[in-house]
Amino acid sequence: MGCFFSKKSRRKSPKKDSALPTGDESATGNDLPETNNTALGSNSNQEAPKQYSWDKREKVDPKDFMLTGLKNETVGRLPGKLNGQQFVIQDCENCNIYVFDHSATITIDDCVNCRIILGPVKGSVFFRDCKDIKCVVACQQFRTRDCKKMDVFLCCATQPIIESSTGMKFGCYQYYYPELAFHFKDAGLSIFNNNWSNIHDFTPVSGETNWSLLPEDTVVLEHVPLPDPESEFKSVRISSEASRSIVPLTKGGRRTESEESCLFVFFSGDYTTANARKLIDEATTKGFVLIQTKEVSMRPEDVNRVFQNNAESLTEWVTKGPVVALELNGDGVVEACQSIANEVFNGTKVFVSESKQTSSRDVDNFFNFADMQMGL
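Residues numbered from 1 in each chain as written. Predicted model: local features only at pLDDT ≥ 70, side-chain atom pairs only at ≥ 80, totals over all residues. Heavy atoms only, no water.

Comments concerning the pairing of strand β8 (residues 121-128)
The test is simple: By definition, two strands form a pair when at least two bridges between them are found by DSSP. The numbering of helices and of strands both runs from the N terminus, where a helix is a DSSP run of H or I of at least 4 residues and a strand a run of E of at least 2.
Two strands pair when backbone bridges link them, and strand β6 (residues 106-109) and β8 are joined in this way by four bridges, in the parallel orientation. Bridging across to β8, T107 finds its partner in F126. As paired strands, β8 and strand β9 (residues 131-145) are joined by six bridges and run parallel to one another. Residue pairing for β9: V121 is matched across the bridge by C139.

A look at the packing of aromatic side chains
Put simply, the rule reads: Note on aromatic contacts: the rings of Phe and Tyr and the six-membered ring of Trp form a pair at centre separations within 6.5 Å, being stacked when their planes are under 30 degrees apart, edge-to-face when over 60 apart, and tilted otherwise. Buried, partly exposed and exposed residues are distinguished by accessible area as a fraction of the type maximum, computed with a 1.4 Å probe on protein chains only: under 20%, between the cut-offs, and over 50%, respectively. Our definition puts a charge over a ring when NZ of Lys or CZ of Arg is within 6 Å of the ring centre and also within 35 degrees of the ring normal.
Scanning the entire structure with this criterion turns up 14 aromatic pairs. Ring centres 6.0 Å apart and planes at 65° place the aromatic pair F100 and F233 in the edge-to-face group. Within this pair, whereas F100 is found in the loop between β5 (96-99) and β6, its partner F233 is found in the loop between α3 (220-223) and β15 (261-266), the two being separated by 133 residues in sequence. With respect to class, F100 is no different from F233; both count as buried. Taken together, a centroid distance of 5.4 Å and an interplanar angle of 80° make the contact between F366 and F367 edge-to-face. For F367, a relative accessible area of 3% translates into the label buried. Three or more aromatic residues link up through ring pairs in this structure, and these residues are Y98, F100, Y177 and F233. Positioned above the aromatic ring of F126, the side-chain terminus of R128 is 5.2 Å from the ring centre.

Considering helix α6 (residues 311-318)
Note the following rule: Directions from the helix axis toward the C-beta atoms define the arc.
Residues A311, L314 and V318 constitute the buried set of α6. The arc enclosing the buried residues of α6, seen along the axis, measures out at 75°, which places them on a common side. Among the exposed residues of α6, those pointing more than 90 degrees away from its buried face are E312 and E316.

Observations regarding the environment of D281
When you line up the elements, D281 lands in helix α4 (residues 272-285). In this structure D281 comes out as partly exposed when scored by relative accessible area, which is 44%. Residues D281 and S243 lie 38 residues apart in sequence; the distance between their C-alpha atoms is 8.2 Å.

So, the environment of E222
For E222, the position within the fold is in helix α3. The class for E222 is exposed, based on a relative accessible area of 65%. Placed 88 residues apart in sequence, E222 and K134 show a C-alpha to C-alpha distance of 9.9 Å.

Brief notes about the state of the cysteines
This is how it is decided: When the sulfur atoms of two cysteines come within 2.5 Å, that pair is taken as a disulfide.
In total, this model carries zero disulfides according to the counting rule given. Looking at C92, it has no disulfide partner, and the nearest cysteine sulfur is the one in C111, 4.6 Å off. What makes C92 buried here is its relative accessible area of 1%. The thiol sulfur of C337 is not disulfide-bonded, and the nearest other cysteine sulfur, from C262, lies at 4.0 Å. Judged by its relative accessible area of 1%, C337 is buried.

Following this line, the structure appears as structure tokens:
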């Protein structure tokens, strides 16, 4: 038996002006045909046309949602400037681009030698015909086509796809600015669903490797520097330290040093995210490694398959909301996680692998289920 303890969207089109009668530029009562003037009375108290919410919307200038044809510049958008709209970056060369806001989708075309930071993207990020790019990206879907030499620090909810692209290197997302947690929420992204290392090469070439993983000690700010102190982005407080990153730093598909892993699951509650972060801090301080995380909804019928002997006591808990699961790795990790659960999370509903003999099965059962649920 395992151990458990209790305790936005598409960009809105610019609004169109309210329809006016053809040829009637002033649209006043005196310009109506004479018969209507008689009926209404020249001094009638005619009510003004009703104002609808869509008539009051600010007009959208497409130029506010694109960067194009720039060279040797530091540009981007500050928090609150996109608010979930689409965004386009194209034909930029040797630029530092900082998008500190959430958006619907972002396309990056024909850019060369650029450093790019993208706030959370609700839909897809699509790089096309780009070369020598270093970027930090959080999104639902990530794709490249006809790209060369990209270093990507990625948080992606689905499997990243590269197509006709070479020299692609990937690392785990590590970034922070004050509004970032809110932007993840606005974009509908979970910080625990990150498939950064699970790359699908749509056009593989026999005998060649089009992508690889960046070294674990890679420093983000050496690839994507802080904004120029003279730029409008100088006031944004940025950190790329793993301890401050919004997204947990995971080992992903890199080879583990130990054969012992432990499954640790938090059930839905007011402090689930904070508890998961606390566990990561406790475990990594003890020298253990975080391999992967997932946040996924479960149905009562899923519990038997995933938790097996412990299913009966956990069924009601999965109905309260999504669960957050973590795989931690290292010699002695199971015993250490049980100790942490007792000492730190006493009173919180969790599931922890009971022994290293059953822990590998626990990990496989849960993450295979989660991948199927998410279509991975």
